[in-house]
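# Chains, contacts and geometry: an overview
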There are 2 protein chains.
Amino acid sequence: MEQYGTIGVFDSGLGGLTVLNAICAANEGLSIIYFGDTARVPYGPRTPDTIAHYARQDVRFLLSKKVEAIVVACGTVSAIALNSLRDEFDVPIIGVIEPACDAAAKVTVTNHICVIGTHATVNSHAYSDYLNANYPHCRVSGVECPLFVPLIENGFREDDPITQLTVERYLAPIRDTDVDTLILGCTHYPFLIEAIKRVLPGITLIDIGVALSEALQLTVPIKRTQDKNTVEYCFSDRETDFKRFDFQHLKNLPKGQIFAVNIEKY
Amino acid sequence: MEQYGTIGVFDSGLGGLTVLNAICAANEGLSIIYFGDTARVPYGPRTPDTIAHYARQDVRFLLSKKVEAIVVACGTVSAIALNSLRDEFDVPIIGVIEPACDAAAKVTVTNHICVIGTHATVNSHAYSDYLNANYPHCRVSGVECPLFVPLIENGFREDDPITQLTVERYLAPIRDTDVDTLILGCTHYPFLIEAIKRVLPGITLIDIGVALSEALQLTVPIKRTQDKNTVEYCFSDRETDFKRFDFQHLKNLPKGQIFAVNIEKY
């Protein structure tokens, strides 16, 4: 089976760093280019056309950096634009939906899976389409949680009462159902994992980054080119504010150089 | 004094509709083009360079529609890029900062004014620079409220407990000061005016849209071209979701045609 060299990983912003973190935790010696479209984040509330247009520019930028495979570390792009990206570009492209659905279908007992995500992700029906096609015995529900990303991006920790009240608001209705498996359909949501467990004790949570990183070497085998993982961090806004993030969730990221990218040119 | 015809009004998204509403409430018979950059909203967390680049594209689009004067109905662009827009373009351009500061300086008794806004607005020091230069007896404080826009954009009303807790979190510290006048330095904030009054009773609130609309005819006299106000609504994302908004705050907006704009071309 063909092996691939440098991989590109992209997201609408910083949330994809949770996927990158999971990839780095599960692998050694990879060479990675990360692109975060911080000048145009968030993608979630935008229309499918706009999301697909932005995603094509993100891929073109990564290809200009000579990557040989691409990880779509963005729940929204994976839900909206994965097939059109695969049609247009001639490199392996892996998204978060297929691995997450495979992992959820493996563990559910009630066969009722719920996906939480942005407006665009939930309304795309990408998760239910894949689950219905591959696991027809499973039922799928979806819940939009549009305030989760702004809370995380603005430094509200998961033990903050405002965060807890918001998690309770969005997710409490799931307690009245037979859902036993919850897909965290957005790369930001691992930052809220303890708050979600408090509202939904006993439900199995699927972290899309972890699911993807476990599937990665099976679907897109990547060459180990060195001893340690290396990452170039590229962002579309000049100074990207990492400090907002709670880095205890991102312990496996190697240090790396940070570059600014004019993404409209691609 | 020269009189101007069609005016262009722009904002990063839908928040500028509160300014447009105030303009329509105070004037009759205007012809207006409104542009909301819903494909790239919000501007507030982005860097000054990116904000200025987006603002130039917004102005170029409005000039392509033959507007003769421009209202920057965006707190962030007014704070970051107003002077560079005035240097580059040869039409009158009015922002929200100068009228809001003039109105605040007129009513303050303690001479301590506080500005609330996005990260970019508060860190620009645009309000304090203007107030210090023109009203040196006034002191100015600033408080960032980055979650207010996402709350409003995601349909959280001002009487929602999550909204109230967030307003309390950001604004309660102002109660321990001698601030007596609060500039709502973001066009979304009028949607929260009752929640803000509850946390800060007795403080005078300056709505930047109302302050601008009162100053408009003095600084940029506009021709009354017809009986009623007419507005063309243009947005950079294909389907812009108006329903999220609480339209009781926007009663003076006339109905009008909606157009899609590819803003990256400008």
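Whatever comes next refers back to the structure up there.
Below is a short write-up of the structure. From a predicted model like this one, the values you see are computed outputs, not experimental measurements.

### A short note on the overall build of chain A
The number of helices and strands found in chain A is ten helices and ten strands. Rg of the C-alpha trace for chain A: 17 Å, near the compact-globule value of 18 Å for 266 residues, within the 12% margin. When its C-alpha atoms are laid out on the principal axes, chain A stretches across 50 × 40 × 40 Å. Taking all 266 residues of chain A together, the buried fraction comes to 60%. The contacts of chain A with a sequence gap of at least 6 include a subset with a gap of at least 24, amounting to 77%. Total accessible area computed for chain A in this model is approximately 10700 Å², and 49% of it derives from carbon and sulfur atoms. Charged side chains of chain A number 23 positive and 32 negative; the gap between the two group centres comes to 5 Å.

### Digging into the sheet that holds strand β7 (residues 181-184) of chain A
Residue and element names in this part refer to chain A. Strand order in the open sheet made by the four strands is β6-β5-β7-β8, with parallel pairing throughout. Either end of the sheet is taken by a strand with one partner, and the two such strands are β6 (139-144) and β8 (204-207). Geometrically, the sheet is characterised by an average inter-axis angle of 25° between neighbouring strands, direction not taken into account.

### What about the relation of the copies chain B and chain A?
Its rotation angle being 180°, the transformation that places chain B on chain A also includes 0.0 Å of axial translation and leaves an RMSD of 0.0 Å. In short, the pair behaves as if placed about a two-fold rotation axis. No C-alpha of chain B approaches the rotation axis more nearly than that of R40 of chain B, which lies at 2.8 Å. When the interface residues of chain B are mapped onto chain A, 100% of them again lie at the interface, so the same face is used by both copies.

### Notes on the side chain of S124 of chain A
One can find S124 of chain A in helix α5 (residues 119-124). Each residue touching S124 of chain A, except ones within four places of it in the same chain, is listed here: A79, I80 and D129 of chain A.

### A look at the packing of helix α5 (residues 97-107) of chain B against helix α11 (residues 208-219) of chain B
Residues and elements named next belong to chain B. The contact between α5 and α11 brings their axes to 8 Å, and the two run at 95°. When the interaxial angle is binned, α5 and α11 end up roughly perpendicular. Residues P99, A100 and A103 of α5 form the contact with α11, whose participating residues are I208, A211, L212 and A215.

### Considering helix α2 (residues 48-64) of chain B
End to end, α2 of chain B covers 24 Å across 17 residues, agreeing with the expected 24 Å (1.5 Å per residue, within 8%). Looking at α2 of chain B, one finds that the buried residues are T50, I51, A52, Y54, A55, Q57, D58, V59, F61 and L62 of chain B.

### Quick look at the packing of aromatic side chains
Overall, the coordinates contain 14 aromatic pairs over all chains when judged by the stated rule. For the pair Y43 of chain B and Y54 of chain B, a centre-to-centre distance of 5.5 Å together with 45° between the ring planes defines the contact as tilted. Of this pair, Y43 of chain B sits in the loop between β2 (31-36) and α2 while Y54 of chain B sits in helix α2; the two residues are eleven residues apart in sequence, bridging distant segments of the chain. Across the pair, exposure class does not vary: Y43 of chain B and Y54 of chain B are buried alike. With centroids separated by 5.3 Å and ring planes inclined at 75°, the aromatic side chains of F61 of chain B and Y266 of chain B adopt a geometry described as edge-to-face. Taken together, the residues span a long stretch of sequence, with F61 of chain B in helix α2 and Y266 of chain B in the segment after β10 (258-260) at a distance of 205 residues. Overall, the relative accessible area of 27% leaves Y266 of chain B in the partly exposed class. Ring pairs connect the aromatic residues F148, Y170 and Y189 of chain A together with F156 of chain B, which therefore count as one cluster. The cationic tip of R40 of chain A hangs over the ring face of Y54 of chain A; the distance from NZ or CZ to the ring centre is 3.8 Å.

### Some thoughts on the pattern of salt bridges
Under the defined criterion, the tally for this structure stands at 24 salt bridges over all chains. Across the salt bridge formed by R40 of chain A and D58 of chain A, the nearest N and O atoms sit 3.8 Å from each other. Taken as a pair, R40 of chain A in the loop between β2 (31-36) and α2 (48-64) and D58 of chain A in helix α2 lie far apart in primary sequence, 18 residues in all. The pair R40 of chain A / D58 of chain A is uniform in exposure class, with both members buried. Linking E264 of chain A and R40 of chain B is a salt bridge whose minimum nitrogen-to-oxygen distance equals 3.5 Å. With E264 of chain A in the segment after β10 (258-260) and R40 of chain B in the loop between β2 and α2, the pair connects residues from two separate chains. Within this structure, D37, R40 and D58 of chain A together with E264 of chain B form a network of salt bridges that share partners.

Procedures and definitions
Residues numbered from 1 in each chain as written. Chains lettered and ligands numbered in written order. Predicted model: local features only at pLDDT ≥ 70, side-chain atom pairs only at ≥ 80, totals over all residues. Heavy atoms only, no water. Helix = DSSP H or I, 4+ residues; strand = E, 2+ residues; numbered from the N terminus. Rg over C-alpha atoms; globule rule 2.2 N^0.38 Å. Buried < 20%, exposed > 50% of the residue type's maximum accessible area, 1.4 Å probe, protein only. Contact = heavy atoms within 4.5 Å. Areas by Shrake-Rupley, 256 points an atom, 1.4 Å probe, with all protein chains shown as cover. Lys, Arg positive; Asp, Glu negative; His and termini not counted. Charge placed at Lys NZ, Arg CZ, Asp CG, Glu CD. Pairing = 2+ DSSP bridges. Axes fitted to C-alpha atoms, helices over the stretch in contact; angles between N-to-C directions. Least-squares fit on C-alpha atoms with pLDDT ≥ 70 in both. Parallel < 35°, antiparallel > 145°, perpendicular 65-115°, else oblique. Expected span 1.5 Å × (residues − 1). Phe/Tyr/Trp six-rings, centres within 6.5 Å; stacked < 30°, edge-to-face > 60°. Lys NZ or Arg CZ within 6 Å of the ring centre and 35° of its normal. Salt bridge = Lys/Arg side-chain N within 4 Å of Asp/Glu carboxyl O.

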